[in-house]
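Analysis of the macromolecular model
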Amino acid sequence: MLTIAPELRAKIVAHARADHPDEACGIIAGPAGSDRAERSPTFYRFDSTEQLRVWREMDARDEEPVVIYHSHTATEAYPSRTDISYASEPGAHYVLVSTRDPDETEFRSFRIADGVVTEEEVRIAADVAGPGPE
């Protein structure tokens, strides 16, 4: 289960809406082994050079990706074959936001490990610092 603070969910959705009609992507990092994201996340747009820099910065701070998110602009919030092939962090929550409908937002979370996609419940809770186990 992904438990996420409402302000973090709102920031992810706002980023996805702001970048529409282009896909948005980002990461919320947290202390390694904690399964918790920091209350003040930093969002990144990835190209390969920037992604390498971000992962090195996380390593230097003993952090890991807790939530890796991106948007789908014309399809449902479900991992595509390409998304599955790129998923390389089996411990991360993969969040997808669909911005295909301007009045409704699909916000779903998945675990992706060894090509297997498992949807997980998303709980919005104001009493948590970020994502974490139930």
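Here the structure is a predicted model, which is why all the values come from computation and not from measurement. (Residues numbered from 1 in each chain as written. Predicted model: local features only at pLDDT ≥ 70, side-chain atom pairs only at ≥ 80, totals over all residues. Heavy atoms only, no water.)

Topic: the pattern of salt bridges
This model, assessed by the stated rule, comprises seven salt bridges. With a shortest N-O distance of 3.0 Å, Glu63 and Arg61 are connected by a salt bridge. With its nearest N and O atoms 2.8 Å apart, the salt bridge here joins Glu119 to Arg108. Here Glu119 is found in strand E6 (residues 116–120), whereas its partner Arg108 is found in strand E5 (residues 106–113), with 11 residues between them in sequence. The exposure class of Glu119 is partly exposed, given its relative accessible area of 42%. Arg108 gets classed as buried once you look at its relative accessible area, which sits at 19%. When salt bridges that share partners are traced, they join Arg53, Glu57, Arg61 and Glu63 into one network. (Salt bridge = Lys/Arg side-chain N within 4 Å of Asp/Glu carboxyl O. Helix = DSSP H or I, 4+ residues; strand = E, 2+ residues; numbered from the N terminus. Buried < 20%, exposed > 50% of the residue type's maximum accessible area, 1.4 Å probe, protein only.)

Quick look at helix H2 (residues 48–60)
Given 3.6 residues per helical turn, the α-helix brings residues three or four places apart onto the same face. If you check H2, its first and last C-alpha atoms are 18 Å apart, about what 13 residues at 1.5 Å a residue would give, namely 18 Å. Directly after H2, the chain includes Asp62, whose backbone phi takes a positive value near 55°. (Expected span 1.5 Å × (residues − 1).)

What about the confidence of the model for the protein chain?
Looking at the protein chain as a whole, its pLDDT mean stands at 84, while 84% of the residues score no less than 70. In this model, residues 38–45 is a region of pLDDT below 50 whose contacts with residues beyond four sequence positions or in other chains number 34 contacts. (pLDDT = per-residue confidence, 0-100. Contact = heavy atoms within 4.5 Å.)

Section: the nonpolar core
Counting residues in each nonpolar core, the largest one holds 14 residues, and the members touching the most others are Ile4, Ile12, Val67, Val95, Val97 and Phe107. The element best represented in this core is helix H1 (residues 6–19), accounting for four residues. Look past the residues within four positions of Phe107 in its chain and what remains in contact with it is Ile4, Arg9, Ile12, Val13, Val95, Leu96, Val97 and Val122. (Core = buried A, V, L, I, M, F, W, Y, C linked by side-chain atoms within 4.5 Å.)

Observations concerning H1
Between its terminal C-alpha atoms H1 stretches 20 Å, which fits the 20 Å expected from 14 residues at 1.5 Å a residue. Among the residues of H1, Leu8, Ile12, Val13, His15, Ala16 and Asp19 are the ones counted as buried. For H1, the angular spread of the buried residues around the axis is 155°, confining them to a single face. Tucked inside the fold, the buried residues of H1 contact strand E1 (2–4), strand E2 (25–31), strand E3 (63–72), strand E4 (93–98) and E5. (Arc of directions from axis to C-beta.)

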